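Commentary on secondary and tertiary structure
Here is what each chain is made of, one letter per residue.
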Amino acid sequence: MKIIAINGSPKENGSTGTALKYLAGELLKHGVETEIIHVGSGPVQGCTDCGGCRKNNRECVFGGGVNEAARKISAADGLVIGAPVYYGGIAGGAKSFYDRLFFKGLDIKLKVCAAVTATRRSGGSTVYNQLNNYFTISGGLVAPVTYWNAIHGHNGEQIMQDAEGLAVLRNLAQSMAWLLKMKEATKDSVPPPAMIKDAHTNFIR
């Protein structure tokens, strides 16, 4: 079993990266491999709703690692997306990357998913909620935990001092691994829901 984790922070080994590496280590204890993709280090083109992906075999016309990440996610069993808190919201580079990644029609239907955010002090629950919106509109199976997946610290060293935050990540690893194993164990006996999409409306008459 394999999970793709995306680090949307400009700093590969900063607070968010440290949290994701810790989660990856905990997942490995449960037999789940994790590949971390770092996407936030350079300028990231935002989604312009150009519709190019609808005409280009679901490939984002701006490239920049989005299509490669999507292919890896499609082949994986689960997904973790991470981002630091900037001014009470998702860091700009991460937001731009995730908007394009999910807008193109990401294949995560009933895949096990989780969001992780790192913050110095405040805004963690806001970014956690924003990240989860990507999953719930795309059919992802959000793993349950004991608290919101927000860990606190100004850098990687401080992140490793947040005892409660680390406990949440350990619980998250157990939860994700359990769901993955449950899906595998029941794949031949419990069919997945059809999840038929309803009519698309915009409330304009």
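On a predicted model such as this, the values are computed, not experimentally measured, just so you know. (Residues numbered from 1 in each chain as written. Predicted model: local features only at pLDDT ≥ 70, side-chain atom pairs only at ≥ 80, totals over all residues. Heavy atoms only, no water.)

**A word on the overall build of the protein**
Heads up, the rule is: The helix and strand labels rest on DSSP assignments: H or I over at least four residues marks a helix, E over at least two residues marks a strand, and numbering proceeds from the N terminus. As defined in this context, the radius of gyration uses C-alpha atoms, and a globule is described by 2.2 Å times the residue total to the power 0.38. Using a 1.4 Å probe on the protein chains alone, a residue whose accessible area is under 20% of its type maximum counts as buried, one over 50% counts as exposed, and one in between counts as partly exposed. Only heavy atoms enter the contact rule, under which two residues are in contact if any of them lie within 4.5 Å. The Shrake-Rupley method, run with a 1.4 Å probe, gives the accessible areas here. Residue values count only the displayed protein chains as cover. Positive: Lys, Arg. Negative: Asp, Glu. His and the chain ends are not part of the count. By convention, the charge on Lys lies at NZ, on Arg at CZ, on Asp at CG and on Glu at CD.
A count of helical and extended segments in the protein gives seven helices and seven strands. In terms of C-alpha radius of gyration, the protein reaches 17 Å, essentially the compact-globule figure of 17 Å for 205 residues. Across the 205 residues of the protein, 47% fall into the buried class. Within the protein, contacts between residues separated by at least 24 positions form 79% of all contacts whose residues are at least 6 apart in sequence. In the form shown here, the protein has an accessible surface area of approximately 11,000 Å², with 52% of it arising from carbon and sulfur atoms. Taken as two groups, the 22 positive and 16 negative side-chain charges of the protein have centres that lie 5 Å from each other.

**So, unusual backbone geometry**
Look at R58: it is not a glycine, yet its phi comes out positive at around 65°. Checked against the element boundaries, R58 lands in the loop between helix 2 (52-55) and helix 3 (66-75). Even without being a glycine, Y87 presents a positive backbone phi close to 50°. Along the chain, Y87 turns up in the loop between strand 3 (78-86) and strand 4 (89-90).

**Re the packing of aromatic side chains**
The cut-off we apply is this: When the centres of two rings from Phe, Tyr and Trp lie within 6.5 Å, Trp using its six-membered ring, the rings pair. Their planes under 30 degrees apart give stacked, over 60 give edge-to-face, and anything left gives tilted.
Tallying each qualifying case throughout the model produces five aromatic pairs. A ring pair is formed by F97 and Y98, whose centres lie 6.2 Å apart and whose planes are at 80°; its orientation type is edge-to-face. Accessibility classification places F97 together with Y98 in one group, the buried group.

**A look at the environment of V142**
Looking at the secondary structure, you find V142 in strand 6 (residues 141-142). The spacing of V142 and C113 is 29 residues in sequence and 4.8 Å in space, taken between C-alpha atoms. In this view, V142 contacts C113, N132, F135 and T136; residues no more than four positions away in its chain are not counted.

**Observations regarding the packing of helix 3 against helix 4 (residues 92-103)**
Stated formally: Lines fitted to C-alpha atoms define the axes here, with helix axes fitted over just the stretch in contact, and angles between the N-to-C directions of these axes take values from 0 to 180 degrees. With respect to orientation, any angle under 35 degrees is reported as roughly parallel, any angle over 145 as roughly antiparallel, any angle of 65 to 115 as roughly perpendicular, and every other angle as oblique. Less than a right angle of anticlockwise turn of the near helix away from the far helix marks a crossing as left-handed, whereas a clockwise turn marks it as right-handed.
Viewed as axis vectors pointing N to C, helix 3 and helix 4 meet at an angle of 60°, and their least axial separation amounts to 10 Å. As the angle between them shows, helix 3 and helix 4 are arranged oblique. Along this stretch, helix 3 crosses helix 4, giving a crossing that reads as right-handed. Only F97, R100 and L101 of helix 4 make contact with helix 3, whose side of the interface consists of V66, A69, A70 and I73.

**Here's the deal with the nonpolar core**
Defined as follows: For our purposes a nonpolar core is just a set of buried Ala, Val, Leu, Ile, Met, Phe, Trp, Tyr and Cys residues, chained together by side-chain atoms within 4.5 Å.
Residues I6, L79, I81, Y98, L101, F102 and L131 are the most contacted members of the largest nonpolar core, which totals 29 residues. Elements represented by at least two residues in this core include exactly strand 1 (2-7), helix 3, strand 3, helix 4, strand 5 (112-119) and helix 5 (124-136). Once residues within four sequence positions are removed from consideration, L131 is found in contact with I81, A83, I90, Y98, A115 and V116. One finds I3, V116, A118 and M176 within the second-largest nonpolar core, a separate group that totals 24 residues.

**So, helix 4**
Rule in force here: Between the first and last residue of a helix there are one fewer steps than residues, each counted as 1.5 Å, and that sum is the expected span.
Over its 12 residues, helix 4 runs 16 Å from end to end, which matches the ideal 16 Å to within 8%, given 1.5 Å per residue. Along helix 4, the residues classified as buried are A94, S96, F97, Y98, R100, L101 and F102. At its buried positions, helix 4 is contacted by strand 1, helix 3, strand 3, strand 4 and helix 5. Of the residues one or two after helix 4, G105 is the one with positive phi, at around 95°.

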